[in-house]
Amino acid sequence: MDRLLITGGVPLEGTVWVSGAKNAALPLIAASLLTDRPVELDQVPELVDVTSMLRLVQRIGTSATHVGGAPGRIRLHTPELLSHEAPYDLVRKMRASVLVLGPLLARAGRARVSLPGGCAIGPRPIDLHLKGLERMGARIELVDGYVEARAPEGLRGAEIEFPQPSVGATENLMMAATLARGSSRIVGAAREPEIVDLSLLLRSMGARIEGAGTSVIEIEGVARLDGARHSIMPDRIEAGTYAMAAAITGGRLEVRNAPLELLGAAREKLVEAGVELVETADGFLARRANGILEGVDVMTRPYPGFATDLQAQFMALMSVARGAAMVTETIFENRFMHVPELVRLGARITVHGGSALVRGVERLKGAPVMATDLRASVSLVLAALAAEGRTEINRIYHLDRGYEHLEKKLAAVGARIERVP
Ligand code: UD1
């Protein structure tokens, strides 16, 4: 298994290009199952999760081809559905596989999708996806660890109210509703920008959707959807991570292909912590405003609140800030697995339930550490970039799931980072 060797202490300087968003790419690929016409996506990031999603739709009957030699342009075409199943081995590796449930049910009236089960950051149920589809007339049974869903007469529009916003459930139901009979309303919908991106693709396929990006989404079902072409939005989590890489190393990065407002609440928190963010034509410049980082409390919230996917990185940043910071996780249980690893690097962090108290230290020190999940892994990379001496990060396959060419991008701005098999 590959490891990363990082020798810290080098301020990063230069330009980083942000890739297309993983969390937009995955639902967009699933959405291509809704039509028998070709769907072309641009800025598809080269990531293990994207490969897994492509493999899944290919099993279902999609031909996926790179277009015009451009690495990030993919043409997806599903003339007919050859299977209705997302098998355990794929869903286990990537929960977002459940996003094929809505499209399959809408187009074919049936789907069989493995239950995702537990994952490293908590139980992560899919009850909201299933209840919503039942409201739309699907009959759902749980058989041998699989969700078996049927709607032989097709789905019908419905009013669905979520007790709490769920990104995946909002996406699944929005896709399902595009081909349902009549109109649907999703109340309490998640408002993440990736949902807006999905609605843009669906609308250019001919879907009738209003309100994506707000907590009430209205969808008027249509009989069929057409092909379309769409460019995937930039990855806001990657952009935020590079802003923090500049700040934690005391360097200066120009982050391109990333509008500053995409950072949401992380933008204000970074500024409060002493990070200067200056808007540029296609992104922003990030560096410390006056050399010192200040401890700032954050609490993760659904968008536009502080993203749970930036929590681990922010904690790494706070571990070298002046003063203390309280980092509270409200979206996922058990999303503090990076804490013991950051502590191995010299951070002073104590966890009390869903909150972690970070007391800033002057310097972190390199050590061998282990990556546990995607965002935790990259927080260790950030800490290692700031640490004195060498850090060895094991189990980095998590990073390949979500950060395109991470070590190349970092090396290009001066990081001493090397991947060893
Ligand atoms: C998506 C993102 C993930 C991010 C998360 C929260 C993708 C591919 N992944 O995950 O990177 O961390 O949003 O921003 O876009 N819940 C239920 N029942 C359900 C569904 C969710 O109780 O049926 C709960 C979850 O356990 C969690 C909360 O709702 O506590 C939010 O989860 P959700 O927004 O669904 O996350 P994902 O879509 O899985």
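Criteria and thresholds
- All residue numbers here refer to positions counted from 1 along the written sequence of the relevant chain.
- Reporting in this predicted model follows two pLDDT cut-offs: at least 70 for local features of residues, and 80 or more for side-chain atom pairs to be given and counted; totals over whole chains, interfaces and linings ignore these cut-offs and use all residues.
- In computing side-chain values, all of the structure's heavy atoms are included and hydrogens and water are not.
- One heavy atom within 4 Å of a molecule or strand makes the whole residue count as near it.
- Identification of polar contacts relies on pairs of N or O atoms within 3.5 Å, with a donor-acceptor requirement for protein atoms, meaning one able to donate a hydrogen and the other able to accept it, and with residues adjacent in sequence counted only if both atoms are side-chain atoms.
- With residues, only the protein chains shown are counted as cover, and all accessible areas are computed by Shrake-Rupley using a 1.4 Å probe.
- Runs of E in the DSSP output that reach at least two residues are strands. Runs of H or I that reach at least four are helices, and both are numbered from the N terminus.
- The term salt bridge refers to a side-chain nitrogen of Lys or Arg lying within 4 Å of a carboxyl oxygen of Asp or Glu.
- Classification of residues uses two cut-offs on accessible area relative to the type maximum, computed with a 1.4 Å probe and protein chains only: under 20% is buried, over 50% is exposed, and between them is partly exposed.
- Pairs of strands are assigned from DSSP output, requiring at least two bridges between the strands.
- Comment: axis = line fitted to C-alpha atoms, over the contacting stretch for helices; angle = value between 0 and 180 degrees taken between N-to-C directions.
- Think of a nonpolar core as a cluster: buried Ala, Val, Leu, Ile, Met, Phe, Trp, Tyr and Cys residues, connected wherever their side-chain atoms sit within 4.5 Å.
- Contacts are assigned to residue pairs that have any heavy atoms within 4.5 Å of one another.
- Reported domain spans reflect what an automatic or database domain assignment gives.
- Buried area is understood as the total, over both parts, of accessible area removed when two parts are fitted together, assessed with a 1.4 Å probe.

Student: For the site of the ligand, give the residues involved together with the corresponding values.
Tutor: Taken together, 17 residues sit near the ligand, with Asp127, Ser166, Val167, Asp309 and Ile331 positioned nearest. One of the side-chain N or O atoms of Arg95 is found 3.5 Å from an oxygen atom in the ligand. One of the backbone N or O atoms of Ile331 is found 2.5 Å from an oxygen atom in the ligand. Here the ligand loses 85% of its free accessible area of 740 Å² to cover by the protein chains. Listed by contribution, the elements that provide at least two residues to the shell around the ligand are α5 (127–135) and α6 (167–178).

Student: Requested: an account of the pattern of salt bridges, with residues and values cited.
Tutor: Tallied over the entire structure, the rule returns 28 salt bridges. Here Arg287 ties to Glu276 by a salt bridge, and the two come within 3.0 Å at their closest N and O atoms. Of this pair, Arg287 sits in strand β17 (residues 283–288) while Glu276 sits in strand β16 (residues 275–280), placing them 11 residues apart in sequence. We classify Arg287 as partly exposed; its relative accessible area is 36%. Salt-bridge contacts for Arg419 lead to Glu407; the nearest nitrogen and oxygen are separated by 2.5 Å. Residue Arg419 is located in strand β24 (residues 416–420), and its partner Glu407 is located in helix α14 (residues 406–412); the two are separated by 12 residues in the primary sequence. Salt bridges sharing common partners tie together Asp2, Asp400, Glu407 and Arg419.

Student: Give me the lowdown on the sheet that holds strand β15 (residues 252–256), citing residues and values where you can.
Tutor: Strand order across the open sheet formed by four strands is β2-β15-β17-β16, with mixed pairing between neighbours. The outermost strands of the open sheet, each flanked by one partner alone, are β2 (13–17) and β16. Each strand of the sheet is rotated relative to its neighbour by a mean of 20°, with strand direction disregarded. Bridge count between β2 and β15: five bridges; the pairing is parallel.

Student: Please set out the nonpolar core residue by residue, giving values where relevant.
Tutor: Counting residues in each nonpolar core, the largest one holds 76 residues, and the members touching the most others are Leu34, Leu41, Val100, Met136, Leu155, Met174 and Leu202. Beyond its immediate stretch of four places on either side in the chain, Leu41 contacts Leu28, Ile29, Gly72, Arg73, Ile74, Leu76, Leu201, His230 and Ile232. Residues Leu293, Phe306, Ala367 and Ala383 belong to the second largest nonpolar core, which totals 74 residues.

Student: With reference to specific residues and values, describe the domain arrangement of the protein chain.
Tutor: Segmenting the protein chain into domains produces domain 1 (3–19 + 234–420) and domain 2 (22–231). Counting from both sides, the interface comprises 25 residues of domain 1 and, opposite them, 19 residues of domain 2. Looking only at domain 1, the three residues that lose the most surface to domain 2 are Tyr303, Arg401 and Glu404, adding up to 31% of its buried area. Taken together, domain 1 and domain 2 are joined by two salt bridges. One salt bridge connects Arg401 with Asp49, and the closest N-O pair in it is separated by 2.9 Å. For the pair domain 1 and domain 2, the interface holds six residue pairs in polar contact (both at pLDDT 80 or more). The greatest single-element share of the side of domain 1 that touches domain 2, amounting to three residues, is contributed by helix α13 (residues 397–402).

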